[in-house]
Amino acid sequence: MSEPGALRTRLDRLFREVAKFGAVGAVGVLVDLGVFNLVRHFTDLPVVRASVIATVVAIAFNYVGFRYFTYRDRDKSRRTKEMSLFLAFSLIGLVIQNGLLYAATYGFGWDGPLASNFFKFFGIGIATLFRFWSYRTWVFRALPAKEAVQTAESFLEQAPPRQATRRQPDRV
């Protein structure tokens, strides 16, 4: 494949990955903000605690979405390591996300509902950049080319053979 063709293929794959990551992430943001506002509305928990609860719920949702939708074609042989890394990087993202909310709420006194949602959303955006990089680099690793070919070949070997049918000539 030519270099421009290879670059185009890589960019196309990256675009699809970003789109899938974004789709799962967008629903995760709705889960996060929804749980956050429900907890804030129905409990007397402080803002950051409510946010941490919502973030943990969204992390669980996102893992399922990333594993079975965004990165379903990636290496599945080391699930324990994958989940450990996912949780570690998710916790770092949680600290980034809720650290911004904490600074806005307790550092600047911006704790009204609109300000809380704004800084929660802003924190989600900053943490998402970190999560995208860390998940694709460390957690959901691509299969090496040799393993990918072997996986595809084993899949083809398992498929039942197709029976050839003879095509009858058209009669005029």
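Here goes a summary of the coordinates provided. Predicted, not measured: the structure shown is a model, and the values here were computed from it.

**Some details on the overall build of the protein**
Thinking step 1. Within the protein, the secondary structure is distributed over 5 helices and 0 strands.
Thinking step 2. Put simply, the protein runs from its N terminus to its C terminus through helices and strands in the order α-α-α-α-α.
Thinking step 3. Relative to its full complement of 172 residues, the protein shows a buried share of 30%.
Thinking step 4. For the protein, the share of sequence-separated contacts (at least 6 apart) that also reach a separation of at least 24 residues comes to 74%.
Thinking step 5. Of the roughly 12,100 Å² of accessible surface on the protein, a fraction of 65% belongs to carbon and sulfur atoms.

**Section: the pattern of salt bridges**
Thinking step 1. Using the criterion set out here, one finds 7 salt bridges in the structure.
Thinking step 2. Asp-12 is the salt-bridge partner of Arg-16, the closest N and O atoms lying 2.6 Å from each other. Taken together, the residues span about one helical turn, with Arg-16 and Asp-12 both in helix H1 (residues 3-42) at a distance of 4 residues.
Thinking step 3. We classify Arg-16 as partly exposed; its relative accessible area is 43%.
Thinking step 4. The class for Asp-12 is partly exposed, based on a relative accessible area of 36%.
Thinking step 5. In this structure, Glu-82 engages Arg-79 in a salt bridge whose closest nitrogen and oxygen atoms are separated by 3.9 Å. Residue Glu-82 and its partner Arg-79 are located together in helix H3 (residues 79-107), separated by 3 residues, close to a single helical turn.

**Regarding the nonpolar core**
Thinking step 1. In terms of nonpolar packing, the biggest core is built from 14 residues, with Phe-21, Phe-66, Tyr-71, Phe-86, Tyr-135, Val-139 and Phe-140 touching the most fellow members.
Thinking step 2. Going through the elements one at a time, H1, helix H2 (47-70), H3 and helix H4 (113-139) are the ones with two or more residues in this core.
Thinking step 3. It is H4 that contributes the most residues to this core, 4 residues altogether.
Thinking step 4. Sequence-distant contacts of Tyr-71, defined by excluding residues within four places in its chain, comprise Glu-17, Phe-21, Phe-66, Phe-132, Arg-136 and Phe-140.

**Focus: the environment of Lys-81**
Thinking step 1. By the secondary structure assignment, Lys-81 is in helix H3.
Thinking step 2. Its relative accessible area of 53% is what places Lys-81 among the exposed residues.
Thinking step 3. Separated by 57 residues in sequence, Lys-81 and Trp-138 have C-alpha atoms that sit 10.0 Å apart.

**So, the side chain of Ser-90**
Thinking step 1. Counting through the fold element by element, Ser-90 comes out in helix H3.
Thinking step 2. Ser-90 gets classed as buried once you look at its relative accessible area, which sits at 1%.
Thinking step 3. Side-chain polar atoms of Ser-90 contact the backbone oxygen of Phe-86, separated by 2.7 Å.
Thinking step 4. When near neighbours in sequence (up to four residues on either side) are disregarded, Ser-90 contacts Ile-59, Arg-131 and Tyr-135.

Rules behind the numbers
Residues numbered from 1 in each chain as written. Predicted model: local features only at pLDDT ≥ 70, side-chain atom pairs only at ≥ 80, totals over all residues. Heavy atoms only, no water. Helix = DSSP H or I, 4+ residues; strand = E, 2+ residues; numbered from the N terminus. Buried < 20%, exposed > 50% of the residue type's maximum accessible area, 1.4 Å probe, protein only. Contact = heavy atoms within 4.5 Å. Areas by Shrake-Rupley, 256 points an atom, 1.4 Å probe, with all protein chains shown as cover. Salt bridge = Lys/Arg side-chain N within 4 Å of Asp/Glu carboxyl O. Core = buried A, V, L, I, M, F, W, Y, C linked by side-chain atoms within 4.5 Å. Polar contact = N/O pair within 3.5 Å; in protein donor to acceptor, adjacent residues only side chain to side chain.

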